[in-house]
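Fold and contact review
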Protein chains: 2
Amino acid sequence: MRLLLGSGGFRTPERIALWVEQMRDWLGPARSVLFVPYALADHDGYVRMMIERGLHSGYELVGIHTLWDPVEAVRKAEAIFVGGGNTFRLLNSLYRLNLLDPIRERVRGGMPYLGISAGTNVACPTIRTTNDMPIVQPPSLDALGLVPFQINAHYYTGTNFVKHGEQFVEHFGETRDDRIREFHEENETPVLGLWEGGILRIEDANVQLLGSSARLFLKGKSSRDLVGGARLPDLPCKPA
Amino acid sequence: MRLLLGSGGFRTPERIALWVEQMRDWLGPARSVLFVPYALADHDGYVRMMIERGLHSGYELVGIHTLWDPVEAVRKAEAIFVGGGNTFRLLNSLYRLNLLDPIRERVRGGMPYLGISAGTNVACPTIRTTNDMPIVQPPSLDALGLVPFQINAHYYTGTNFVKHGEQFVEHFGETRDDRIREFHEENETPVLGLWEGGILRIEDANVQLLGSSARLFLKGKSSRDLVGGARLPDLPCKPA
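An account of the accompanying structure is given in this report.

1. A look at the overall build of chain A
Along chain A, the regular secondary structure elements total seven helices and 13 strands. Over its C-alpha trace chain A gives a radius of gyration of 17 Å, about what one expects of a compact globule, namely 18 Å for 240 residues. With respect to the principal axes defined by its C-alpha atoms, chain A has extents near 45 × 45 × 35 Å. The burial tally for chain A puts 60% of its 240 residues in the buried class. Put simply, 69% of the contacts in chain A that link residues at least 6 apart link residues at least 24 apart. Looking at chain A, you have 26 positive and 28 negative side-chain charges, and the mean spots of the two groups are 2 Å apart.

2. A few points about the packing of aromatic side chains
Scanning the entire structure with this criterion turns up 13 aromatic pairs over all chains. Arranged with centres 5.1 Å apart and planes meeting at 85°, the rings of Phe35(B) and Tyr46(B) form a pair that is edge-to-face. Highlighted residues: Phe35(B) in strand E2 (residues 32-36) and Tyr46(B) in helix H2 (residues 43-52), separated in sequence by 11 residues. Classification of Phe35(B) by relative accessible area gives buried; the value is 0%. Assessed through its relative accessible area of 6%, Tyr46(B) is described here as buried. Each residue in the set Phe10(A), Trp19(A), Phe35(A), Tyr46(A) and Phe81(A) is aromatic and connected to the rest through ring pairs, giving one cluster.

3. Overview of the sheet that holds strand E9 (residues 191-195) of chain A
Residue and element names in this part refer to chain A. With respect to topology, four strands assemble into an open sheet ordered E6-E9-E12-E13, the strand pairing being mixed. Only two strands of the sheet have a single neighbouring strand rather than two, namely strand E6 (150-155) and strand E13 (224-226). The mean inter-strand angle of the sheet, taken between neighbouring strand axes irrespective of direction, is 25°. As judged from the four bridges shared by E6 and E9, these two strands associate in the parallel manner. Bridge pairing in E9 places Tyr155 opposite Trp195. Lying on the sheet, helix H7 (residues 176-186) is in contact with E6, E9 and strand E12 (214-217); it crosses E6 at an angle near 165°.

4. With respect to the relation of the copies chain B and chain A
With an RMSD of 0.0 Å, the fit of chain B onto chain A corresponds to turning through 180° and sliding 0.0 Å along the axis. Each copy turns onto its partner about a two-fold axis. Of the C-alpha atoms belonging to chain B, the one lying closest to the rotation axis is found on Phe161(B), 2.5 Å away. Looking at chain B, 100% of its interface residues are interface residues in chain A too, so the copies touch through the same face.

5. A closer look at the pattern of salt bridges
Residues and elements named next belong to chain B. Under the definition given, this model contains 28 salt bridges over all chains. One salt bridge in this structure joins Arg179 and Glu174, with 3.8 Å as the shortest N-O distance. Glu174 carries the same exposure label as Arg179, and that label is buried.

6. Observations regarding the nonpolar core
Core analysis: the biggest nonpolar cluster contains 116 residues, and Tyr113(A), Val122(A), Leu200(A), Tyr113(B), Val122(B) and Leu200(B) have the highest contact counts within it. Those residues in contact with Val122(B) that lie beyond four places of it in its chain are Val82(B), Thr87(B), Leu90(B), Leu91(B), Leu94(B), Tyr113(B), Ile127(B), Ala143(B), Leu144(B) and Gly145(B).

7. Brief notes about the environment of His43(A)
Residues and elements named next belong to chain A. Relative to the elements of secondary structure, His43 occurs in helix H2 (residues 43-52). Among the residues examined, His43 registers a relative accessible area of 23% and is labelled partly exposed. Taking the C-alpha atoms as reference points, His43 and Gly63, 20 residues apart in sequence, are found 7.6 Å from one another. Once you skip the residues sitting within four places of it in the chain, His43 turns out to touch Pro37, Tyr38 and His65.

Basis of the calculations
- Residues numbered from 1 in each chain as written.
- Chains lettered and ligands numbered in written order.
- Predicted model: local features only at pLDDT ≥ 70, side-chain atom pairs only at ≥ 80, totals over all residues.
- Heavy atoms only, no water.
- Helix = DSSP H or I, 4+ residues; strand = E, 2+ residues; numbered from the N terminus.
- Rg over C-alpha atoms; globule rule 2.2 N^0.38 Å.
- Buried < 20%, exposed > 50% of the residue type's maximum accessible area, 1.4 Å probe, protein only.
- Contact = heavy atoms within 4.5 Å.
- Lys, Arg positive; Asp, Glu negative; His and termini not counted.
- Charge placed at Lys NZ, Arg CZ, Asp CG, Glu CD.
- Phe/Tyr/Trp six-rings, centres within 6.5 Å; stacked < 30°, edge-to-face > 60°.
- Pairing = 2+ DSSP bridges.
- Axes fitted to C-alpha atoms, helices over the stretch in contact; angles between N-to-C directions.
- Least-squares fit on C-alpha atoms with pLDDT ≥ 70 in both.
- Salt bridge = Lys/Arg side-chain N within 4 Å of Asp/Glu carboxyl O.
- Core = buried A, V, L, I, M, F, W, Y, C linked by side-chain atoms within 4.5 Å.

Structure, rendered in structure tokens:
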């Protein structure tokens, strides 16, 4: 299996350049990439935005929403790229269109999978570590399970601050680490907190971290920081 | 119906004092209050923490988890107070213990309902405007529907900042207003964004805002700020 999973926040020139470099290296001479824009409401606008920001990396992005038969599109794709937005809406669409099994089969058969943000979340066993608002109710929180661990995209540590005029004021909502600790009160699966701009390059059990550091949370243990370039240690979880 | 719904972030002396004043005014001579701590994992610890922080306002808090028959406890309570934490975990427990109907019946019959944060979220038609991580999967996102609009607790506007050393760095995840806009791409119900420290005092259709301002979001319209002390305008939604 070959996956390239980005955290999100690819909005600075350096981060975009790293994504483009990795995507090109990953896909090589592929011509077109099947793009899944269901996490946003405006599908055509999303394809345009990807191109405007350069995140298509020069490949032709074919919006799955423009095709008559999305399942057939997955079966024939050279590569699939699942974009970000609202993870609940994305997963709900994958269920509605019966796309989970076809995507799993193709990716397990070697088709490259690229995801950013919500597209990274749905590659995990469940979407139980998303930061998004549950604006729709998918039939289940179970997702593609292409990797055997959870990723928390847009990860950061510490408290949130909000600007009141020129002042930074502390926000008392749960921190991200609080939320992941609560996840582990109810679940066993390891969680990787991936900072914005971070990318995981995954070939079967070989997971390399690029572009940012990441924090690994194992239930009942202290969290541990991994630096960019590191390979992810073996995790105490079964392969998906 | 009588509800006192707090946003969250009751962690400054002024905010706590306002909550205590309102709770006393609301409950008057009631002796004990049935406290629902299911949004946190440590139920006993939660009751202790409420008392330590003074948020019990001098009333006896009886943890529903300490009672043999939670449904019977709701039927007999003088008042119910639902605490904060993870909204998905809270709602899942309410479903598991068959508490939704008994709570609805009692509150519609006049029993005072107090909620903070997650406890405020579950008073709404659904939990689709929670900020929490979906660490468990409740049977449905539909909640108590005691009020006919959604509340977004811990509301703030603008961008998030995270501290790197002494520097404040912008975080590129969706802003709260982005998330509520996405909610309205998929749903019709009005949303009230309630800043931390804010309280809604609700007597039937009469909703008064205390302790903070709030932002009202109606689908397809510009949002509108309400100041503390204001009464909520009539909303274009059916009573629950």
